Amino acid sequence: MSQDLVNAAIAASANAYAPYSNFHVGAALLLDDGQIVSGANFENASYGMTLCAETVAIAKANSDGTLRKIVAIAVAGGPAGQVAANDEAITPCGRCRQIIKEVADLTERDIPVHCAHANGYDTYLLSELLPHGFGPANLK
Ligand SMILES: [Zn+2]
């Protein structure tokens, strides 16, 4: 099942708009009913306004009303529709880790993030990717 989610992330990368970096990233969210929501990075000429694939997928789930159903995430990057020829897993950037933390706090799940690389994928829990993260509890 996790490989299916990684494959969905790889497939989503084919839809990335990445004319500047040429690094196509796809993300896929597994919902608690088995549905998959995908996203791809959307670059911008200003660079700083670029939207990451994970952010796009999570915003899509939010718009669909399925944010609370997210149980796992996969991310893959490289050439469009492929995984980078690199043994090092593609992990979410710092901003995306913070966005995933919001989902983790909302769902009360330590979200597993499957990160693709040339030989498969590595799985990290959000708490491993973002230890001591800032969340809703800090605002109380
Ligand atoms: Zn990111």
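Residues numbered from 1 in each chain as written. Predicted model: local features only at pLDDT ≥ 70, side-chain atom pairs only at ≥ 80, totals over all residues. Heavy atoms only, no water.

### Some thoughts on the coordination of the zinc ion
At the metal site, the zinc ion is ligated by Cys52 (SG), Cys93 (SG) and Cys96 (SG), and these contacts range over 2.3 Å. Spacing between the donor residues of the zinc ion along the chain follows C-x40-C-x2-C. Residue Cys52 is located in the loop between strand S2 (36-40) and helix H2 (53-64), and its partner Cys93 is located in the loop between strand S3 (70-78) and helix H3 (94-107); the two are separated by 41 residues in the primary sequence. (Donors = N, O, S within 2.8 Å, 3.2 Å for Na, K, Ca; no water. Helix = DSSP H or I, 4+ residues; strand = E, 2+ residues; numbered from the N terminus.)

### Some points on unusual backbone geometry
The phi angle at Tyr47 is positive, at roughly 60 degrees, despite the residue not being glycine. Here Tyr47 shows up in the loop between S2 and H2. Not every positive phi belongs to a glycine, and His132 is a case in point at roughly 60 degrees. Looking at where His132 falls in the secondary structure, it is placed in the segment after helix H4 (126-129).

### So, the UniProt feature "binding site: Zn(2+)" (unreviewed entry) in the protein chain
Within this numbering scheme, the UniProt entry marks Cys52, Cys93 and Cys96 as carrying the feature "binding site: Zn(2+)" (unreviewed entry). What stands out for the annotated residues spanning 45 residues is how close their C-alpha atoms remain, the widest pair being 8.4 Å apart. With residues near it in sequence (within four places) discarded, Cys93 still touches Cys52 and Glu54. Among the structural elements, Cys96 can be located in helix H3. Look past the residues within four positions of Cys96 in its chain and what remains in contact with it is Cys52, Glu54 and Thr55. (UniProt positions renumbered as here; feature names shortened; annotations may be inferred. Contact = heavy atoms within 4.5 Å.)

### Comments concerning the environment of Ile73
Checked against the element boundaries, Ile73 lands in strand S3. For the pair Ile73 and Ala104, spaced 31 residues apart in sequence, the C-alpha separation works out to 11 Å. If near-sequence neighbours (up to four positions away) are discounted, Ile73 is found in contact with Leu5, Ala28, Leu29, Ile58, Ile100, Ile111, Pro112, Val113 and His114.

### Section: the UniProt feature "binding site: substrate" (unreviewed entry) in the protein chain
Residues annotated by UniProt as "binding site: substrate" (unreviewed entry) correspond here to Asn41, Phe42, Glu43, Asn44, Ala45, Ser46 and Tyr47. On the secondary structure map, Phe42 appears in the loop between S2 and H2. For Phe42, the contacting residues outside a window of four places in its chain are Tyr17, Thr50 and Leu51. Inspection of the secondary structure puts Glu43 in the loop between S2 and H2. A polar side-chain atom of Glu43 sits 3.0 Å from the main-chain amide nitrogen of Tyr20. (Polar contact = N/O pair within 3.5 Å; in protein donor to acceptor, adjacent residues only side chain to side chain.)

### So, the packing of aromatic side chains
Under the criterion given, the structure shown has 2 aromatic pairs. Seen in terms of ring centroids, Tyr17 and Phe42 are 5.6 Å apart; in terms of plane orientation they differ by 50 degrees. Their pairing is tilted. Taken together, the residues Tyr17 in the loop between helix H1 (2-12) and strand S1 (24-31) and Phe42 in the loop between S2 and H2 connect sequence positions 25 residues apart. With centroids separated by 5.6 Å and ring planes inclined at 35 degrees, the aromatic side chains of Tyr20 and Tyr47 adopt a geometry described as tilted. Taken as a pair, Tyr20 in the loop between H1 and S1 and Tyr47 in the loop between S2 and H2 lie far apart in primary sequence, 27 residues in all. What makes Tyr47 exposed here is its relative accessible area of 55%. (Phe/Tyr/Trp six-rings, centres within 6.5 Å; stacked < 30°, edge-to-face > 60°. Buried < 20%, exposed > 50% of the residue type's maximum accessible area, 1.4 Å probe, protein only.)

### A word on H2
Compared with the 16 Å implied by 1.5 Å per residue over 12 residues, the 16 Å span of H2 between its first and last C-alpha is a close match. Listed in full, the buried residues belonging to H2 are Ala53, Glu54, Thr55, Ala57, Ile58 and Ala61. Against the buried residues of H2 lie S1, S2, S3 and H3. Immediately beyond the C-terminal end of H2, within one or two residues, lies Gly65, with a positive phi of roughly 80 degrees. (Expected span 1.5 Å × (residues − 1).)

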